Amino acid sequence: MQFETDVSASEDRPTIFLIEPEQVVRSALDYILRERYQTHAFAAVDEAMSSSTKTPAVVLIGIAILRDRGETVLDELNRVFTSTRILLVAERNSDPVVQAGLEQGAHGVISNPISFSSVCGAVSAALGVPDLPGEPSHVICVAFD
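Residues numbered from 1 in each chain as written. Predicted model: local features only at pLDDT ≥ 70, side-chain atom pairs only at ≥ 80, totals over all residues. Heavy atoms only, no water.

### Observations concerning the packing of helix 1 (residues 23-33) against helix 6 (residues 116-127)
Packed helices, taken two at a time, are described by the angle their axes make and the gap between the axes. As a packed pair, helix 1 and helix 6 sit with axes 10 Å apart at the nearest point and diverge in direction by 75°. What the angle tells us is that helix 1 and helix 6 run roughly perpendicular. Between helix 1 and helix 6, the contacting residues are L29, Y31, I32 and L33 on the first element and F116, V119, C120 and V123 on the second. (Axes fitted to C-alpha atoms, helices over the stretch in contact; angles between N-to-C directions. Helix = DSSP H or I, 4+ residues; strand = E, 2+ residues; numbered from the N terminus. Parallel < 35°, antiparallel > 145°, perpendicular 65-115°, else oblique. Contact = heavy atoms within 4.5 Å.)

Here is the structure:
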């Protein structure tokens, strides 16, 4: 199920796909990001890949999807969305599935505690926006070109 946030001037903002099977997590991520970005939330990867929405700048994908479908789902996402940055959303970044996902092409991890600053900071870093002075970085950046 996809839902979109209608905020004025959303066309000027980067598009972010949130792919997470858990409704509560999906809604929380959308709530955190919707004022800064054009967000589109999906419960499954297939919904996101078949969406008519323009190619996202960043995809946040729940680690549960990698557990269910394997890390090859990242290859699929990279094939469909060639210039998109992929961030994993996980309880902890030491999870072996997270490490495998990073080796398979994910660009970073957002892990607990998830907050406005950690999620927005991670997306900003993925987009190449510099950190604000004095603001701590809450993302583990891996393989940014």
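### Focus: helix 1
Residues of helix 1 that are buried include every one of R26, L29, D30, I32 and L33, and no others. In an axial view of helix 1, the angular spread of the buried residues amounts to 165°, which keeps them on one side of the axis. (Buried < 20%, exposed > 50% of the residue type's maximum accessible area, 1.4 Å probe, protein only. Arc of directions from axis to C-beta.)

### Focus: the pairing of strand 2 (residues 15-19)
Counting buried residues in strand 2 gives five out of five residues, a clear majority hidden from the surface. Inspection of the sheet shows strand 2 paired to strand 3 (residues 38-42) by five bridges, in the parallel sense. Following the sheet pairing, T15 is matched in strand 3 by Q38. Each parallel crossover has a hand, and the one from strand 2 via helix 1 to strand 3 is right-handed. Bridging between strand 2 and strand 4 (residues 58-62) involves four bridges; their strand directions are parallel. Residue pairing in the sheet places I16 in a bridge with V58 of strand 4. (Pairing = 2+ DSSP bridges. Right-handed = clockwise from strand over helix to strand, strands pointing away.)

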